[in-house]
Amino acid sequence: MIFAWLAWNRVRKKLDRQGWTIVAVDEGSNGPAFAYTVGLSAKFGSPELCVAGLPARAAGELLGKLVEDVAAGRLSLEGDNVPAGLHETHDCVWRRVHPSQFVGETFGVLLRWRDEEGAAAPPEAYQWVWPDDEGRLPFDAACRLEVRMMQTPLWAPHAPQWSAPLAKEAGA
């Protein structure tokens, strides 16, 4: 319990100081590692951003670059492809996070912050979805299974056992 309080206190200080922060969630029973922003909605009037399947440091660097674009008014999330400069060779896409994904085990820090801020509207976020080395995205059945397994499909309705169909497909 004291660890949770210390962690929240650290997040709260960042939010108070710069208006937004990045939260990394380790890989666990709920799926692969992912990271998301907290505070973009209040600071920039933008939806929050998230990415799955990248190491915490890489996810933080990526989200930091994307937040720079949000702050400069250069990032549109409605159907835009993310320029290939943020991926080695292929464009990436945004997918709106399904409202049912906003549960404690997934977006706990965001939900706590919104509760403390008295936010009335439901949260809104977009997931940065990256392709395999052939440019195929995880919602394409031809996408490499490893890439599909690394990216929790936050654009789909919440399903705690989301990986079971993919694991079965892989012969696990």
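Quantities reported herein were computed from a predicted structural model and do not represent experimental measurements.

Parameters and conventions
Residues numbered from 1 in each chain as written. Predicted model: local features only at pLDDT ≥ 70, side-chain atom pairs only at ≥ 80, totals over all residues. Heavy atoms only, no water. Helix = DSSP H or I, 4+ residues; strand = E, 2+ residues; numbered from the N terminus. Buried < 20%, exposed > 50% of the residue type's maximum accessible area, 1.4 Å probe, protein only. Areas by Shrake-Rupley, 256 points an atom, 1.4 Å probe, with all protein chains shown as cover. Lys, Arg positive; Asp, Glu negative; His and termini not counted. Salt bridge = Lys/Arg side-chain N within 4 Å of Asp/Glu carboxyl O. Contact = heavy atoms within 4.5 Å.

**Some thoughts on the overall build of the chain**
Counting its regular elements, the chain contains six helices and six strands. Listed by position from the N terminus, the elements making up the chain come as α-β-β-α-β-α-β-β-α-β-α-α. Among the 172 residues that make up the chain, the fraction classed as buried is 38%. Total accessible area on the chain is roughly 9400 Å²; 54% of this is exposed by carbon and sulfur atoms.

**A few points about the side chain of Arg114**
When you line up the elements, Arg114 lands in helix H4 (residues 104-117). The charged side chain of Arg114 is buried without a salt bridge, its nearest counter-charge being Glu48 at 6.1 Å.

**Points about the environment of Gln127**
Within the secondary structure layout, Gln127 lies in strand S6 (residues 125-129). Considering only alpha carbons, one finds Gln127 and Cys50, 77 residues apart in sequence, at a separation of 4.8 Å. Ignoring any residue separated from it by four or fewer positions in sequence, one finds Gln127 in contact with Cys50, Ala52, Val93, Trp94, Arg95, Val97, Gln151, Thr152, Pro153, Leu154 and Trp155.

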